[in-house]
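# Chains, contacts and geometry: an overview
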Amino acid sequence: MSDLSTALVHDDYEPPAGFRAPQPGIFKASTVIFPNVAALRSRDWRRRDGYTYGLHGTPTTFLLEERIARLEGGRHAVLVPSGLAAIALVGQALLSPGDEVLLPDNVYGPSREFARHELARWGVTHRPYDPLDAAGFAALIGPATRLVWLEAPGSVTMEFPDLAGLVAAARSRGVVTALDNTWGAGVALRGFGLGIDIVMQALTKYPSGGGDVLMGSVVTQDAALHERIKLTHMRLGLGVGANDAEAVLRGLPSMPLRYAAQDAVARRLAAWLATQPAVAQVLHPALPGSPGHEHWARHCSAAAGLFSVRFRRDIDAARVHAFCDALRLFKLGYSWAGPVSLVVPYDLNPMRGAAAAADAAAGTELVRFSVGLESADDLQADLAQALASMGG
Ligand SMILES: *Cc1c(COP(=O)(O)O)cnc(C)c1O
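In what follows, the accompanying structure is described. (Residues numbered from 1 in each chain as written. Predicted model: local features only at pLDDT ≥ 70, side-chain atom pairs only at ≥ 80, totals over all residues. Heavy atoms only, no water.)

## Some thoughts on the layout of surface pockets
- Counted as a void, the largest pocket has a volume near 560 Å³.
- Taken together, 33 residues form the lining of the largest pocket, with Tyr-108, Gly-109, Pro-110, Ser-155 and Val-156 sitting closest to its centre.
- Elements supplying a minimum of two residues to the lining of the largest pocket: helix 4 (83-94), helix 5 (109-121) and strand 6 (198-202).
- Of the residues assigned to the lining of the largest pocket, the class counts are 17 nonpolar, nine polar and seven charged.
- Looking at which domains feed residues into the lining of the largest pocket, each of domain 1 (37-250) and domain 2 (255-390) supplies at least three.
- Reported here for the second largest pocket is a volume of approximately 410 Å³.
- Lining the second largest pocket are 17 residues; nearest its centre among them are Val-9, Pro-22, Gln-23, Pro-24 and Arg-67.
- Going through the elements one at a time, helix 1 (4-9) and helix 9 (242-251) are the ones with two or more residues in the lining of the second largest pocket. (1 Å grid on protein atoms, 1.4 Å probe; cavity = no way out; pocket = protein on both sides within 12 Å on 5 of 7 lines; lining within 4 Å. Points joined across faces, edges and corners; volume = space filled by probe spheres on them. Helix = DSSP H or I, 4+ residues; strand = E, 2+ residues; numbered from the N terminus. Nonpolar A, V, L, I, M, F, W, Y, C, P; charged D, E, K, R; others polar. Domains from an automatic or database assignment.)

In structure tokens:
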């Protein structure tokens, strides 16, 4: 089935005999019971034709793994208890002392912290690269570079990377590439067609859609790469609960609809905010003029319901915070892709320079919006009243 919406609803599922409901059953167990010692000794936890122990997979987690692998256009998936755990798992499975990982300079903050503190303690170094400069990136790849991390777009400053150029440079040097596809979610962007080796996602965001689950996935095409990740996953004891898996299975069929709805409203609000006198810059990869827009246009036809705004330089941080405090429907909170619209102010100073350099008329306080499922008119009215109360 080529259409994602249809495929997510009509995914293969074999219900228990006599109960032909399309919704999958939820199975829970620490161990399974083996019929005899021979079966206990011979059953291989890595094979999917038999079960051994809950941590190594249940019918529920196997089904979700298969659906996530298909969503991303890959073959194999493992599930972990959060998106951040998926990031950590990739590093732990692939990197050894003396190795280096290259991280985009607009990378998801906790991903950088994992490299700075955990990878560093294990003797793995990291260097930042500018995701808009593929030539400069190619020059950074050295003999110790074992992994190139990609994120599209940077989840706060929203620059869309030159994915084609970055992947080509990494591949020409034989370096493994991994994409944080939380934003693209397998809907707006799929990594394997671009030649990316590993695609992780925070299922916490779009696949769940409820704002009530934390989970991550690591998807691969290559069986040997999957095996390395799966073995590390097993040794670390990473597993997910059946109720959480159920929540994500339930979210998947409505994901393309939610994605499209949040995309449309986010673009409308971003375009409206760009016309407001207090606003100096709107960062949304689908808006012409936003950093990396041309790369977004090359690789994507849709965008997540996420954008950032920078106010005029004369509007100080206290007024920006007052604007955020005045919002009523947009709640102050991290995360995104759930039903509730969210907003977070960030200080750009410790972050990368491209967005800052792009518009010197803008202040250094950046406000990141995540659009929920409320009506676009209500959300726009909320932004308007908060702008008015700020004196913008
Ligand atoms: C939220 C997020 C993560 C981490 O997901 P958690 O489930 O919250 O740990 C990773 N990458 C990006 C881009 C995210 O937005």
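Still to come is the rest of the account.
## Comments concerning the site of the ligand
- Taken together, the neighbourhood of the ligand is formed by 14 residues, with Gly-83, Leu-84, Asp-180, Thr-204 and Lys-205 sitting nearest.
- Within the backbone of Gly-83, a nitrogen or oxygen atom sits 2.7 Å from an oxygen atom of the ligand.
- Here an oxygen atom of the ligand sits 3.3 Å away from a polar atom, N or O, in the side chain of Trp-336.
- Coverage of the ligand by the protein amounts to 90% of the 380 Å² it exposes when considered alone. (Near = heavy atom within 4 Å. Polar contact = N/O pair within 3.5 Å; in protein donor to acceptor, adjacent residues only side chain to side chain. Areas by Shrake-Rupley, 256 points an atom, 1.4 Å probe, with all protein chains shown as cover.)

## Re the nonpolar core
- By size, the foremost hydrophobic cluster in this structure holds 58 residues, and its most contacted members are Leu-64, Phe-137, Leu-150 and Trp-183.
- Counting only elements with at least two residues in this core, the list comes to helix 3 (59-72), strand 1 (76-80), helix 6 (134-140), strand 4 (145-151), helix 7 (163-172), helix 9, helix 10 (255-274) and strand 11 (342-347).
- If you count residues domain by domain, this core takes at least three from each of domain 1 (37-250) and domain 2 (255-390).
- If sequence neighbours within four positions are ignored, Leu-150 has contacts with Tyr-129, Leu-163, Leu-166, Val-167, Thr-177, Ala-178, Leu-179, Asp-180 and Ile-196.
- Of all hydrophobic cores here, the second largest spans 30 residues; its members include Val-265, Val-320, Ala-326 and Ala-386. (Core = buried A, V, L, I, M, F, W, Y, C linked by side-chain atoms within 4.5 Å. Buried < 20%, exposed > 50% of the residue type's maximum accessible area, 1.4 Å probe, protein only. Contact = heavy atoms within 4.5 Å.)

## Here we look at empty space enclosed by the protein
- Tallied over the entire structure, the rule returns one cavity of 30 Å³ or more.
- When contributions to the lining of the largest cavity are tallied by element, the ones reaching two or more residues are helix 4, strand 2 (100-104), helix 5 and strand 4.
- Among the elements that take part in the lining of the largest cavity, helix 5 stands out by supplying four residues, more than any other.
- Partitioned by chemical class, the residues of the lining of the largest cavity number eight nonpolar, two polar and no charged.

## Quick notes on the sheet that holds strand 12 (residues 362-370)
- Taking strand neighbours across the sheet as the criterion, the five strands line up as 8-9-12-11-10 in an open arrangement whose pairing is mixed. The open sheet has two free edges, formed respectively by strand 8 (279-283) and strand 10 (331-332), since each of these has just one partner strand.
- As defined by bridge partners, strand 9 (residues 306-312) adjoins strand 12 across six bridges and the pair is classed as antiparallel. Residue Ser-308 lies in a different strand from strand 12, and its bridge partner there is Arg-368.
- Taken strand by strand, helix 12 (residues 317-326) contacts strand 9, strand 10, strand 11 and strand 12, and its axis lies near 15° from that of strand 12. (Pairing = 2+ DSSP bridges. Axes fitted to C-alpha atoms, helices over the stretch in contact; angles between N-to-C directions.)

## Some thoughts on the packing of helix 12 against helix 14 (residues 376-390)
- One way to put it is that helix 12 packs onto helix 14 with a least axis distance of 8 Å and a crossing angle of 140°. Considering their axes alone, helix 12 and helix 14 lie oblique with respect to each other. Between helix 12 and helix 14 lies a crossing of right-handed hand. Together, Arg-319, Val-320, Phe-323 and Ala-326 of helix 12 and Leu-383, Gln-385, Ala-386, Leu-387, Ser-389 and Met-390 of helix 14 make up the contact between the two elements.
- Considering only residue class, the contact of helix 12 with helix 14 consists of seven nonpolar, two polar and one charged. (Parallel < 35°, antiparallel > 145°, perpendicular 65-115°, else oblique. Left-handed = near helix turned anticlockwise from the far one by under 90°.)

## Description of the pattern of salt bridges
- All told, the structure shown has 14 salt bridges when counted by the stated rule.
- The shortest N-O distance in the salt bridge between Arg-146 and Asp-99 comes to 3.7 Å. Placement of Arg-146 in strand 4 and of Asp-99 in the loop between helix 4 and strand 2 is noted, with a sequence separation of 47 residues between them.
- Here Asp-99 falls in the buried class, since its relative accessible area comes to 10%.
- The shortest N-O distance in the salt bridge between Arg-312 and Asp-314 comes to 2.8 Å.
- One continuous salt-bridge network, built from bridges that share partners, spans Asp-11, Arg-67 and Arg-70. (Salt bridge = Lys/Arg side-chain N within 4 Å of Asp/Glu carboxyl O.)

By themselves, these are just geometric observations and shouldn't be taken as functional.
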